[in-house]
Structure formats: structure tokens, C-alpha cells
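Fold and geometry: a report
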Amino acid sequence: MTNMNTNGPEKGLKRELKTGQLTMIAMGCAIGTGLFLGSGLAIQTAGPGVLISYAVGAFIVLLLMGCLSEMTVAHPASGSFGVIAEKYIHPMAGFLVRYSYWIANVLAVGVEVSAIAVYMKYWFPTVPGMVWILLFGAVLIYVNATSVNTFATFEYWFSMIKISAIVGFIILGAYVLFGTSDHPKMGAENFVNDGGFLPFGWNGVWIAIFISLFSFLGTELIAVTAGEAKDPDVAVPKALKATVFRLSTFYVLTLAIMLMIVPWKAAGVDKSPFVKVMEILNIPGASGIMNFIILTAALSAMNSQLYASTRMVFSLSRSNFAPAFLGKLNKKGVPGAALAVSTLGIIVAAVVSALFPGTSYAFMMGISMFGALFTWLMVFVSHLFFRRMWEKSGGRKLPVKMMGFPYLTILGAVLLVSLMITTWFTDFKILLQFGIPWLVFLCVAYFFFHKRNMNNLSQQDSLEEQIK
């Protein structure tokens, strides 16, 4: 079996991304509003038991990264898991995965930019959120339209700022909790105050796993960047492992410290829990600095998601499953038309923010999650097909192999399906209300594109016959 690379349908993309940049891009995409704002929603849902939710979420992501590492090293392409699903399951599977991942990231851009509107109210409470959505949207479109190296440089420093902030937050929180006696009402007892460790029972913990997964969305982006990575065989597995380890540590430690300082009943999405911590500690200027940092985090995640959605629709076009103009590169090697189409989430967010200013964040989060979870589910399914077909074909020895195959792969798929079904009985019902019609629409669209492609092939064969 040969590698799928940028000498194939995705020819023209430049392999410029290094291991450090790959890791930072994935960290940047994952460490966004899911942690800085969405964690408040998760805490409201599970109470202190949210720590278990995030640990289980990290376990699911660890399984996902194991499957992705193995397949991406074998096939480094910007279409990534969509290309793999097409090759090993069915072309329709690849079509569904790539379009679902595209819409997930397009809408996730809307989630991040909706959160930006919330953060900016800290300084400018009277300015409509739509103003900030359109302003910051325009800036990041420009960054993505230049070159992949410019994008990666911005993302590297965006990520460096917020990772440094999280480390600083952990150190400051640990000092306040264990290095001083000035705050007697803070400490581990907050884990069991106000209803105990599981105030909403295991049901709350289970539902909060779904919310926690939103915090981890973006780790799979390393697989998408593989088509523009230097030495993907080495860079991709290293970046995936580093990302999962760092995210898991950051999330669980950060949430534990946050819960010990801020009573869990004070959490919410009206303001970041991080800012609330700084307000409670009463450190001069600290809450404003933290708000700036989490604004940077949202911009970073939005930047990465815009990149991912652009590359995915570019890949679809190069496979003849999207209009041809979306597969064209500008002089700087960037899919400009694909980028323009992928800004749809910014427009949706602006409209939702104007119509439902109080609930826009939760709404955008709900509709963006379906495509992401469906994509993750198909990664697990693709891995089952991939490993068996690879071994049967006698391909080269895989440099990276998923542990516990096939049992852990199946476990990951079962957990995701169970979580998706659970949403029907919660406030996140919008996930399936949006997702099921979306899949039906894609199935119809696939047959249209498939029929068109078959007709084109038929005409081409006919022309060749006439020439002969």
C-alpha cells in the first residue's frame, strides 16, 4: 500500500509544519472556550463530579488518538480521516465524514466567536456582540488567507500565551490553597459542600462527559495537518501523544483548583470561571488580565478551526465531491475559495447572537458537536476496517499501532454512540435534531455528486474511444 500524500489529489499544499507547530496547533484548537467558558456549564451539570467527567473524556480521546496515530502515519493527507474512511469503508463514508467534520468546525468557529462576544462585554458591556464577532472574524480570515506558515506562527504564539496562563493559574491556585492561610473557606472541602461530590448523581457525571468532549475537540486536527507536515511518520505520533497528555493534565488539575476556590454553584456561562476565581482572590487587575488571556484562547481555537474546515472542504473538492473552484490554491498555496466558504460559521454566530444573545453560546455548541462526535465515531469504525485490510494486504509494518485492538477501538465507539443517544434526553437535544437531518441531506447530496462523477467518467471514456 502506498501513502496518500500531497502528490496525489491534494498536490500543491506545502509541507512546512514541524512537530512543535503541530502540537501547538492541536493544543490551540482544543484549549478554547470548552475549558475557559464551557467548563462552567459542565460544573453546573455535574458539580464537583465533573472531575470524573473530564477524566473519562480524556480516556475517550486517548483511544481516539491511538487509532488516529496508526492510520495517519500510514496515510498523511489533509483529508485525513475522511480520506481513510473513503478508502477502507466506502466512498460515501468518506463523503459523510469530511462534510460532517467541515460543518463541525465551521460551527465551532461560531462557538468561539460567540464566546469572544461574551468576553468583550467585560470591558465594553454596551457594545453589541455582533460588532466583535464581525471584527475578530475579519482579522482571522486575513491570517488564514496568507500562508500556512503565517497561520502556524500565529497559532504557536496564541497557544504559548494560554498554556503559560494555565500553568500560571495552577501555580497561583496551588499557592493560595496550600501556601497561605488567608482564605480559610477555600480547600478540598468545597468538593463535598453543597450536596456532596455528586450532587446530581452519576447521571450528571455522564452528561458532563459530553460537555467535556467539547473541550477536547481539536486534538484530531493533527491528523488534518499531516498533509502539510514535515516527516509525518515522526511528527504526527509525537504531537498526538504530547497533546493528549498535556490536555488531560491541564484540564483535571485546573478544574480541581477552580472547584476548591470557587463554590461549584457559582459556575455558569455568563462569565468565565477563571475570571470569577481572580475576582474572588481580589488580585488587582488580575481578572482583566485573565479575561484577555481567555480572549486569546478563543481567537486561537477559532484560528485552528478555520484552518481545519478550509482544508477539509479543499480535500472534498479535490475528490470531486465539492465544486471545483473550492480546490484551487492562491499564489501563497492557500485554498482561498475554501476559506471563504468556511467563514459561514461566523455569519451564523452573528445572526444567532443578534436573535438570541443570552443563549447563543449553548446553542452554537449543541449544533457544532454532532459533526465532531460523528467524525470521532467514524474514526473508530474506520480503524476496525483499516487494521484488518492492512494486515490482509501484507502492507509495510506499521510504525505506530493502537493497543488493545479491537477491544479498545470498539469501546471508544460504544461510548460515543451512548453519549450521542443520551443527548436526546437532555438540554442538548439540538445535537440530534440538527444531526439526523444533516446526515439525510448528505446522503442525498452524495448520490448527486456520485452520479455526476460517473457521468463525467463515462463522457471521458467515450471521448477517448472517439480519439482512438
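The rules behind the values
Residues numbered from 1 in each chain as written. Predicted model: local features only at pLDDT ≥ 70, side-chain atom pairs only at ≥ 80, totals over all residues. Heavy atoms only, no water. Salt bridge = Lys/Arg side-chain N within 4 Å of Asp/Glu carboxyl O. Helix = DSSP H or I, 4+ residues; strand = E, 2+ residues; numbered from the N terminus. Buried < 20%, exposed > 50% of the residue type's maximum accessible area, 1.4 Å probe, protein only. Patch = residues over 30% accessible without salt bridge, like charges linked within 9 Å, V, L, I, M, F, W, Y side chains within 5 Å. Areas by Shrake-Rupley, 256 points an atom, 1.4 Å probe, with all protein chains shown as cover. Axes fitted to C-alpha atoms, helices over the stretch in contact; angles between N-to-C directions. Parallel < 35°, antiparallel > 145°, perpendicular 65-115°, else oblique. Contact = heavy atoms within 4.5 Å. Nonpolar A, V, L, I, M, F, W, Y, C, P; charged D, E, K, R; others polar. Phe/Tyr/Trp six-rings, centres within 6.5 Å; stacked < 30°, edge-to-face > 60°. Lys NZ or Arg CZ within 6 Å of the ring centre and 35° of its normal. pLDDT = per-residue confidence, 0-100. Left-handed = near helix turned anticlockwise from the far one by under 90°. Polar contact = N/O pair within 3.5 Å; in protein donor to acceptor, adjacent residues only side chain to side chain.

Here the focus is the pattern of salt bridges. Side chains that differ in charge, positive against negative, can pair when their charged atoms come close. For the structure on display, the rule yields 3 salt bridges. Glu-70 is the salt-bridge partner of Arg-387, the closest N and O atoms lying 2.8 Å from each other. Taken together, the positions of Arg-387 in helix H16 (residues 360–393) and Glu-70 in helix H4 (residues 50–74) put the pair 317 residues apart, joining distant regions of the chain. Each of the two residues, Arg-387 as well as Glu-70, counts as buried. Taking relative accessible area as the criterion, Arg-387 reaches 5% and is therefore assigned buried.

The next thing to look at is a nonpolar patch on the surface. A cluster of nonpolar side chains, contributed by Leu-344, Ile-347, Val-351, Leu-355 and Phe-356, occupies part of the molecular surface with about 470 Å² of accessible area. Locating Ile-347 in the fold gives a position in helix H15 (residues 344–355).

Below, the discussion takes up the packing of helix H3 (residues 38–46) against H4. Contact pair H3 / H4: the axes reach a minimum separation of 9 Å and the direction vectors enclose 120 degrees. What the angle tells us is that H3 and H4 run oblique. Packed against H3, whose contacting residues are Ser-39, Ala-42, Ile-43 and Ala-46, the element H4 presents Val-50, Ser-53 and Tyr-54 at the interface. Of the residues assigned to the contact of H3 with H4, the class counts are 5 nonpolar, 2 polar and no charged.

Our next topic: the packing of aromatic side chains. Overall, the coordinates contain 22 aromatic pairs when judged by the stated rule. In textbook terms, an aromatic cluster arises when at least three aromatic residues are bridged by ring pairs, as seen for Phe-95, Tyr-99, Trp-102, Phe-321, Tyr-446, Phe-447, Phe-448 and Phe-449. The aromatic ring of Phe-405 is capped on one face by Arg-387, whose charged end is 4.5 Å from the ring centroid. The ring of Trp-424 has Lys-429 sitting right over it, with the charged end atom 5.0 Å from the ring centre.

So, about H3. Within H3, 8 of the 9 residues are buried, leaving the element largely enclosed by the surrounding structure. Here H3 has its buried residues at Gly-38, Ser-39, Gly-40, Leu-41, Ala-42, Ile-43, Thr-45 and Ala-46. Backbone geometry just downstream of H3 places Gly-47 in the positive-phi region, at approximately 70 degrees.

Within the chain, residue pLDDT values average 79, and 81% of them lie at 70 or more. Confidence scores differ between elements of the chain, with helix H1 (residues 19–30) showing the lowest mean pLDDT of 62 and helix H17 (residues 407–422) the highest of 95. This model gives residues 1–8 a pLDDT under 50, and the stretch forms 23 contacts once residues within four places in sequence are excluded.

Glancing now at the side chain of Asn-190. The residue Asn-190 is located in the loop between helix H8 (148–178) and helix H9 (201–216) in this model. In this structure Asn-190 comes out as buried when scored by relative accessible area, which is 8%. Dropping the residues within four chain positions of it, Asn-190 is found in contact with Pro-48, Lys-185, Leu-259, Met-260, Ile-261 and Trp-264.

With that settled, the discussion passes to the packing of helix H6 (residues 91–120) against helix H13 (residues 286–318). For the pair H6 and H13, the least separation of the axes is 8 Å and the interaxial angle reads 160 degrees. Between H6 and H13, the angle falls in the class roughly antiparallel. As H6 packs across H13, the resulting crossing turns out to be left-handed. Tallied by class, the residues present in the contact of H6 with H13 amount to 22 nonpolar, 5 polar and 2 charged.

Moving on, we come to the environment of Thr-343. Looking at where Thr-343 falls in the secondary structure, it is placed in the loop between helix H14 (336–341) and H15. Residues Thr-343 and Leu-140 lie 203 residues apart in sequence; the distance between their C-alpha atoms is 9.9 Å. Contact partners of Thr-343, with chain neighbours within four places excluded, come to Ile-141 and Leu-306. Polar contacts involving the side chain of Thr-343 include one to the main-chain carbonyl oxygen of Ala-340, which spans 2.6 Å.

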